[in-house]
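# Observations on the model geometry
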Amino acid sequence: MKLPLLLQLLALVSIAFAIDINIDDKSSIKNAAARMAQKLRALYPTGEPWFNPGEFGVIPSTTGKNIGYYWWEGGAAMGAWIEYWAATGDTQYNGIVTEALLHQVGPDNDYQPPNQTLSLGNDDQAFWAIAVLAAAERGYPDPPKDKPQWLALAQAVFNRQVSRWDDKTCGGGLRWQAVATNQGYDYKNSVSNGLLFQMGARLARYTGNRTYSDWGFKAYDWSKKSKLLTDKYTVLDGLHLPDCQVTSKIMWSYNAGIYIAGAAAMYDYETSNQNTSGAAFWQKETTALLQATDEPFFNRADGHPNVMRESACEAQAPKFDTTPTCNIDQRSFKAYLSRFMAYTYQLCPFTRDYIMTRLRASAIAAAQCCNGQPDGDTCGLSWIMGKYDGSTYAIARGGVGEHMATMELFQSLLIADVITPKTHLTGTSKGDPSAGTGGTGLSADALRQTKPTTTGDKAGAAILTALFSGAALTLTWWLVWT
């Protein structure tokens, strides 16, 4: 037997224990996504005495450094399961999702639960909002009528965060942390501002209300002016006060995905409003943002073309002899790039070839890296190694990010058959544009808009801006007092 043939057979033996996926067979893709959903479910600690719905758990450590997951990743996982349901029709996780999304709303229905208030990050809160926005857009089953509704919850978070917009430093922007006493309050980062941009874009698209898109553009424009979004459309991590200079130039995949999906929603919104110039602008921005992902996250001339990687912290090809430095958060970031690329694929036809080329190549590579124990299909962090990399898989210790990422990647291959995200014209979720503001007396019907902006609309936007800005001091006092 010739040596090359022997090596090929050995490779086939190894792959046999990996996830079996045929990227041209929808049934095969669904089966692979379903297995990843099961692996993720096995890490959801419903049987633990410390379980809290919506959270993957934190185990106190004798070293003083707790082990486990921050609150935000629970919201991210609920969003991932919603997308899984939309792509596959599998309802078995819906009970978990609905329970979690309603359990974590907090007393004011704005995703500020008491046990998170004093450590609240704007990005953490926004990930829960993105989940309920997806629920509204995907037509996920509405909550009981006596419970807060998906759209209203997203509006509440958006309004809370607009009230924290900080014009006093760096010409605007949202701080990373919501509470002044938190470490990181002096940091303005791309994930917080990008999520505000995306929320504004998607709320505008869903409701037809241009006030949201105005705020979305404001967050996007500030990101460019502050150089978090560079002239080359790469997304840098953040800047510190008071110098307002970008101090962390690390590029994370989820930051790129967040801005891409926001731009895609803005493109679709302007297209639906027959705003030719606006649509052309957002087509240009979406394309540039998407193309800027290529070198850092897909193609590094290392023999693994079009395969997604978290370049800032994964082991590097070709030798993979460096220890990955990805923390437990960062191990999930590729999940959101896959999710937001799929969302963009639906809304922006001009992106489809670019996106699917990369998602398909990544899925083939990722499947080969899901051959770890205990079941022979545990997935690793790196998709370019060709095998399981030894990543931890245990409740509150590891595996959530890796399996959420692989699940979202696989189900994204089905996106061409998923119903286009709904709007208020086709969806059922009920909104409340005054949610999270303390009550403005404005109704959803009063703010709903389905035609191009008029002078009156702009005046209304200015009034809302003043109301939100005026609420900032009150909210800050309340958070600190609480």
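Residues numbered from 1 in each chain as written. Predicted model: local features only at pLDDT ≥ 70, side-chain atom pairs only at ≥ 80, totals over all residues. Heavy atoms only, no water.

## A few points about the side chain of Asn-189
Structurally, Asn-189 is set in strand β3 (residues 187-189). Here Asn-189 falls in the buried class, since its relative accessible area comes to 3%. In contact with Asn-189, not counting residues within four places along its chain, are Leu-174, Trp-176, Leu-228, Asp-237 and Gly-238. (Helix = DSSP H or I, 4+ residues; strand = E, 2+ residues; numbered from the N terminus. Buried < 20%, exposed > 50% of the residue type's maximum accessible area, 1.4 Å probe, protein only. Contact = heavy atoms within 4.5 Å.)

## Structural notes on the sheet that holds strand β4 (residues 238-240)
Strand order in this open sheet of 3 strands is β3-β4-β5, and the pairing throughout is antiparallel. Of all the strands in the sheet, the pair left with one neighbour each is β3 and β5 (245-248). Averaged over all pairs of adjacent strands, the angle between strand axes in this sheet comes to 40°, irrespective of strand direction. Relative to β5, β4 runs antiparallel, the two being bridged by 3 bridges. Looking at the pairing, Leu-239 lines up with Val-246 of β5. (Pairing = 2+ DSSP bridges. Axes fitted to C-alpha atoms, helices over the stretch in contact; angles between N-to-C directions.)

## Concerning the packing of aromatic side chains
For the structure shown, the criterion picks out 30 aromatic pairs. With centroids separated by 6.3 Å and ring planes inclined at 80°, the aromatic side chains of Trp-165 and Trp-222 adopt a geometry described as edge-to-face. Of the two residues, Trp-165 sits in the loop between α6 (150-162) and β3 while Trp-222 sits in helix α8 (residues 210-225), which places them 57 residues apart along the sequence. Across the pair, Trp-222 and Trp-165 agree in class, each one buried. Ring geometry for Tyr-220 and Trp-282: centres 4.9 Å apart, planes at 65°, overall edge-to-face. Remark: Trp-282 occurs in helix α10 (residues 276-291) and Tyr-220 occurs in helix α8; sequence separation between them is 62 residues. Its relative accessible area of 1% is what places Tyr-220 among the buried residues. (Phe/Tyr/Trp six-rings, centres within 6.5 Å; stacked < 30°, edge-to-face > 60°.)

## Considerations on helix α3 (residues 71-88)
Between its first and last C-alpha atoms α3 spans 26 Å; for 18 residues at 1.5 Å apiece the expected length is 26 Å, and the two agree. Among the 18 residues of α3, 17 are classified as buried, and the element is accordingly described as predominantly covered. Once α3 finishes, Gly-89 follows within two positions and takes phi at roughly 80°, a positive value. (Expected span 1.5 Å × (residues − 1).)

## Digging into the nonpolar core
Nonpolar side chains in soluble globular proteins generally cluster together in the buried interior. Ranked by size, the top nonpolar core spans 142 residues in total, and within it Trp-81, Leu-101, Tyr-336 and Phe-410 carry the most contacts. Here this core gets 12 residues from one element, more than from any other, and that element is helix α9 (residues 253-272). Filtering out sequence-adjacent residues up to four positions away, Leu-101 remains in contact with Met-78, Ile-82, Tyr-111, Trp-128, Ala-131, Val-132 and Trp-150. (Core = buried A, V, L, I, M, F, W, Y, C linked by side-chain atoms within 4.5 Å.)

## Section: the environment of Ala-256
On the secondary structure map, Ala-256 appears in helix α9. Overall, Ala-256 belongs to the buried group, its relative accessible area being 8%. The spatial distance from the C-alpha of Ala-256 to the C-alpha of Ala-292 is 8.4 Å, given a sequence separation of 36 residues.

## Let's talk about the side chain of Glu-73
Tracing the chain through its elements places Glu-73 in helix α3. No salt bridge is formed by the buried Glu-73; the nearest opposite charge belongs to Arg-331, separated by 9.3 Å. Aside from chain neighbours lying at most four places away, what touches Glu-73 is Phe-56, Ile-328, Asp-329, Ser-332, Tyr-336, Val-400, Gly-401 and Met-404. (Lys, Arg positive; Asp, Glu negative; His and termini not counted. Salt bridge = Lys/Arg side-chain N within 4 Å of Asp/Glu carboxyl O.)

## Here we look at the pattern of salt bridges
According to the stated counting rule, one finds 23 salt bridges in the structure shown. Each of Arg-35, Lys-39, Asp-375 and Asp-377 takes part in a single network of salt bridges with overlapping partners.

## Some details on unusual backbone geometry
In this model, Leu-241 is joined to Pro-242 through a cis peptide bond whose omega is 5°. Structurally, the position occupied by Pro-242 is in the loop between β4 and β5. In this structure, Pro-318 follows Ala-317 across a cis peptide bond, with omega equal to 5°. Secondary-structure assignment places Pro-318 in the loop between α11 (294-297) and α12 (333-347).

## Section: the confidence of the model for the protein
When pLDDT is averaged across the protein, the result is 89; 87% of the residues are at 70 or more. Confidence drops under a pLDDT of 50 for residues 1-16, and excluding neighbours within four residues, the segment shows 4 contacts in the predicted structure. Taken as a whole, residues 439-482 scores under 50 in pLDDT and shows 55 contacts with residues more than four places along the chain or in a different chain. (pLDDT = per-residue confidence, 0-100.)

## A word on the packing of α12 against helix α14 (residues 400-412)
Packing of α12 against α14 leaves a shortest axis separation of 7 Å and a crossing angle of 20°. Of the possible angle classes, the one that applies to α12 and α14 is roughly parallel. Read as a crossing pair, α12 and α14 show a hand that is left-handed. Note on element contacts: α14 touches α12 through Met-404, Ala-405, Glu-408, Leu-409 and Ser-412, opposite Lys-334, Ala-335, Tyr-336, Ser-338, Arg-339 and Ala-342. Considering only residue class, the contact of α12 with α14 consists of 6 nonpolar, 2 polar and 3 charged. (Parallel < 35°, antiparallel > 145°, perpendicular 65-115°, else oblique. Left-handed = near helix turned anticlockwise from the far one by under 90°. Nonpolar A, V, L, I, M, F, W, Y, C, P; charged D, E, K, R; others polar.)

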